[in-house]
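So the chains spell out like this:
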Amino acid sequence: MTTTINNPVMRPVTTVPVPVTTYLTPDGQLVSSVPVGASYADGSPLEWGGPLVPGAVVLDEQVAPRASWSGVVRAGQVLTIVDVGGNQSGDCLLYNAHDTDERYSAPDTLAWQDNAYIRTGTVLRSNHGRALMTVIENEIDRQDTIGGACSRESNTLRYGHHVMYHHGCRENFLTEGAKHGLGMRDIVSNINWFMNVPVEEDGALGIVDGMSAPGKRVALRAEIDTLVLISNCPQMNNPCNDFNPTPLRMIVSEPDVDYEADA
Amino acid sequence: MAPAADHSTDTVLNARADARAQGGQVSDWMPYLPASTSPFCPEDVDAASLTWAETVAPGSYTHKVLARGTRFRLEDPTGEACAHTLVYNALEPTERLNVADTQKIPWQAYLGTGHPLLSGDGRVLATIVGDTSGRHDAFCGTSTAAWNALRYGTALPEGPAPAGRDLFVKAAAKHGLGPADVPPSVSFFQGVRVAEDGSFDWVGSSGAGTSVELVAELPLIVLIANVPHPRDPRPEYIVGPLRVHAWRTPETNPTTQADERFDAAPEVRRAYLNTLDYAEARGL
Ligand SMILES: [Zn+2]
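As named in an unreviewed UniProt entry, chain B is DUF1989 domain-containing protein, taken from Nocardioides turkmenicus.

Spelled out as C-alpha cells, the structure:
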C-alpha cells in the first residue's frame, strides 16, 4: 500500500521569493498588491531539521510561505512538521481519508483531555470522538487549537476593510480542500501548529508572540489513514508568523518501532 | 392492567375516536401553538408577539427558522439545562457559527452580554443581548456518542443518554443539512473556565431561573440540543428542561448604528457593518 522511498527528493520551495501581484500606476510605477513582507526577509535564519522519529522517510516536502499543502498520512505513519523559520503558524485540518464527513474536532479534542492546549500526548479527535492522530513528540511548550484560521472576512473585523484582499488561511483551505472535494462546509475550527494563543484569567484570549524557533518540530502519528490540510499562514497583521512568513517542511516516516507518546 | 385495556380500538371508527380523545393533553415539555398561548410567556414580552414558544425536553432537541431581528430567549427553569446551540444564515447555510472567530475577534473566550456569535464570513449571526447566568462555554462543544458511551455506558439516540452531536445531525437534516454541516457549537447555562495550565475548571450552573437572550442579526436556522455538558462531572446523565421563547415587534430589530453595542469594540463594529452591508445588498 505504502511506497517507501529510500532516497526521497525534497520537493523544492518554488515560490521564494513569492512572486508579487503588480500593476502599473499612471505615472509608470510598478506597485504590488501583496502586503509588504509577504515573503521572508533576506538573512532570516532557516533550520530545515529532519524527522523526529527514526524510520524510512516516505514523503518529504516543503511548503512555501503563504502556500497550502495536503497529503494522506497512513495509519501508523508519523508526520513531522518542521517550523523552518520559527514561529510560522501551520494552520491544519484533519479528515478521515476514507470518509471526510469525519473530521478534526477542536472541542472534542479539548473536552476529552480536559485541557485547552495541545501538548505531547494529545489525541487529535474527530467529530465522532475518534482518534485521528496523536502528538507523539512536540518541541514547544504548547500548541494552539483555539485561535482558528485567518480569512479575508475575519481580517476585515480584526484590522479593517483595507486588508480585504490580503491572502488568508481560509483561502488556502478552500484551494487545497477543493482538490479533495471539500468546500465551505468542511472548514471547521483548526489546529495552529507553532502559534501561541493564551487564555487569561478573565477570559481574555488572543494571538501573542510565539514560543517556537527555527527548526522546532512536532510529530503526529496517524491512528487511521488521515488527510492533512495545511495552510502556511500568510497573515501579515499579527504575530502568528513573526510578521515574516517562512517555509514549513512536512516529513512522513514509517517508524522503525511502534512509537508511543511519552506523556 | 395493560394500557390497551383503556382503549377501544377494534374498528377504524373506534380507533379514530380513541386517538382523537387524546388531544388537548399537556406535557412538561412541548411546543405551545400558537406561540401566543404559551403558559410561560416572559413577563416583559407581549404574548401576541411570540413566534416560538416551547419547553424542550431534557435529552432532546429543537430547531427553528427565525426572521431577521427576532429576539429569542432561552431560560433554564431548573438550573440543569444545557443549551448546545448552532446558528446558520438561513439564506445561505454554508455561513454558520464559527466558534474560533467568536472567541478570537472579540478577544474574549467567555460568552456574555454583548458577545457576538460570528460566522466564518466576517458577519454577526446573532448577538447575546441579555444574560443572567454568566456560565457558558465555547471550548468543549457538545457530546459525541463515543463520549457518552464512555461516560454513561450508552449513547443510543433512542436511549436515556443521547449525544448532542447525534441530535444536531437530526436537527440539521430537517433543514437539508448533512453531518458535515454540524460544526463546533457553543453551550449556554453550564460553564467551564480555563486554568493557568490550560485545564478546564468546571463551574457548572449558576442556578435555577436564569436566561440568555439573543437577537437574530440575519434570518437564522437555530439548532438547539439540550443535553449534559461533556465536562459535567456528575456520573449520571443530568439535564433539565429548556424553555425557549422568540418574539417580533416593531421594536425588535437587528443591531444598527443606533444601538450602543454597535460601537462596543472596533472589531465588532466592523462585523455589524459587514452584516448590514449583506442585508442591504440582499434587500432584507
Ligand atoms: Zn492564517
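J.: I would appreciate a short explanation of the overall build of chain A in the present structure.
T.: Assigned secondary structure in chain A consists of three helices and 12 strands. Per-residue burial for chain A yields a buried fraction of 59% across its 263 residues. A separation threshold of at least 6 residues defines the contact pool for chain A, and within that pool the share at least 24 residues apart is 78%. Only carbon and sulfur atoms are counted for the fraction: they give 50% of the accessible area of chain A, which is about 10000 Å².

J.: What is the right way to look at the sheet that holds strand 6 (residues 90-96) of chain A in this model?
T.: Note on sheets: strands pair through backbone hydrogen bonds, and any given pair is parallel or antiparallel. Residues and elements named next belong to chain A. Taken together, the four strands give an open sheet; going across it, the order is 4-11-6-9, and neighbouring strands pair in antiparallel fashion. Edge positions in the sheet fall to strand 4 (68-73) and strand 9 (191-193), since each of these pairs with one other strand and no more. Strand after strand, the sheet turns through a mean of 30 degrees between neighbouring axes, direction not considered. Of the strands in this sheet, strand 4, strand 6 and strand 11 (226-232) are in contact with helix 3 (residues 169-178), which crosses strand 11 at around 140 degrees.

J.: So what exactly am I meant to see when it comes to the environment of Leu177 of chain B here?
T.: All names here are of chain B. As for its position among the elements, Leu177 is in the loop between helix 4 (164-173) and strand 8 (186-188). In this structure, the C-alpha to C-alpha distance between Leu177 and Asp121, residues 56 residues apart in sequence, is 18 Å. With residues up to four places along the chain from it excluded, the contact list for Leu177 reads Tyr88, Pro93 and Ala172.

J.: Help me understand helix 5 (residues 266-282) of chain B in this model?
T.: Note that an α-helix has 3.6 residues per turn; residues three or four places apart therefore point the same way. Over its 17 residues, helix 5 of chain B extends 24 Å from the first C-alpha to the last, a length consistent with the 24 Å expected when each residue adds 1.5 Å. Those residues of helix 5 of chain B not exposed but buried are Glu267, Val268, Arg270, Ala271, Tyr272, Asn274, Thr275, Leu276, Tyr278 and Ala279 of chain B. Considering only its buried residues, helix 5 of chain B is in contact with helix 2 (152-158) of chain A together with strand 4 (83-89), strand 5 (116-118) and strand 6 (124-131) of chain B. Immediately beyond the C-terminal end of helix 5 of chain B, within one or two residues, lies Gly283 of chain B, with a positive phi of roughly 80 degrees.

J.: In this structure, what is going on with the coordination of the zinc ion? I would like to understand it.
T.: Ideal values differ by geometry: the angle at a metal is 109.5 degrees with four tetrahedral donors, but 90 or 180 degrees with six octahedral donors. All names here are of chain A. The protein atoms donating to the zinc ion are Cys150 (SG), Cys169 (SG) and Cys233 (SG), with metal-donor distances spanning 2.2 to 2.4 Å. Sequence spacing of the donors to the zinc ion: C-x18-C-x63-C. Residue Cys169 is located in helix 3, and its partner Cys233 is located in the loop between strand 11 and strand 12 (248-255); the two are separated by 64 residues in the primary sequence. The pair formed by Cys169 and Cys233 is uniform in burial state, with each residue classed as buried.

J.: Is there a simple way to explain the interface of chain B and chain A in this structure?
T.: For an interface, size is often stated in terms of accessible area lost upon the parts coming together. Listed by partner, the interface residues are 44 residues for chain B and 43 residues for chain A. Taken over both partners, the interface formed by chain B and chain A buries close to 3600 Å², and the fraction arising from carbon and sulfur atoms is 57%. Considering only the surface of chain B that becomes buried against chain A, Lys104, Trp107 and Ala180 of chain B emerge as the three largest contributors, covering 17% of it. One can count three salt bridges joining chain B with chain A. The interface formed by chain B and chain A contains 20 residue pairs in polar contact (both at pLDDT 80 or more). Among the elements of the structure, helix 2 (99-104), helix 3 (145-152) and helix 5 of chain B are those that each provide at least two residues to the side of chain B that touches chain A.

J.: I'm lost on the UniProt feature "domain: DUF1989" (unreviewed entry) in chain B in this one. Help?
T.: In the numbering adopted here, UniProt assigns the feature "domain: DUF1989" (unreviewed entry) to residues 54-221 of chain B. Helix makes up 14% of residues 54-221 of chain B and strand 34%, with an end-to-end C-alpha separation of 16 Å.

J.: Explain the nonpolar core here, please?
T.: As a rule of thumb, nonpolar side chains are buried together in soluble globular proteins. Counting residues in each nonpolar core, the largest one holds 48 residues, and the members touching the most others are Phe188 and Leu242 of chain B. With six residues, strand 12 (residues 220-226) of chain B is the largest single contributor of residues to this core. Leave out the neighbours within four places in its chain, and Phe188 of chain B touches Leu74, Ala81, Cys82, Ala83, Thr85, Leu111, Ile128, Arg135, His136, Val212 and Leu214 of chain B. Residues Leu93, Ile207 and Leu227 of chain A together with Ala109 of chain B belong to the second largest nonpolar core, which totals 30 residues.

J.: Please clarify how the sheet that holds strand 8 (residues 131-138) of chain A should be interpreted in this entry.
T.: Residues and elements named next belong to chain A. The six strands are arranged 3-12-5-10-8-7 in an open sheet whose pairing can be described as antiparallel. The sheet is open, and its two borders are formed by strand 3 (55-63) and strand 7 (123-125), each paired with just one other strand. Strand after strand, the sheet turns through a mean of 25 degrees between neighbouring axes, direction not considered. Examined bridge by bridge, strand 3 and strand 12 share eight bridges and lie antiparallel to one another.

Procedures and definitions
- Residues numbered from 1 in each chain as written.
- Chains lettered and ligands numbered in written order.
- Predicted model: local features only at pLDDT ≥ 70, side-chain atom pairs only at ≥ 80, totals over all residues.
- Heavy atoms only, no water.
- Helix = DSSP H or I, 4+ residues; strand = E, 2+ residues; numbered from the N terminus.
- Buried < 20%, exposed > 50% of the residue type's maximum accessible area, 1.4 Å probe, protein only.
- Contact = heavy atoms within 4.5 Å.
- Areas by Shrake-Rupley, 256 points an atom, 1.4 Å probe, with all protein chains shown as cover.
- Pairing = 2+ DSSP bridges.
- Axes fitted to C-alpha atoms, helices over the stretch in contact; angles between N-to-C directions.
- Expected span 1.5 Å × (residues − 1).
- Donors = N, O, S within 2.8 Å, 3.2 Å for Na, K, Ca; no water.
- Buried area = accessible area lost by both parts, 1.4 Å probe.
- Salt bridge = Lys/Arg side-chain N within 4 Å of Asp/Glu carboxyl O.
- Polar contact = N/O pair within 3.5 Å; in protein donor to acceptor, adjacent residues only side chain to side chain.
- UniProt positions renumbered as here; feature names shortened; annotations may be inferred.
- Core = buried A, V, L, I, M, F, W, Y, C linked by side-chain atoms within 4.5 Å.

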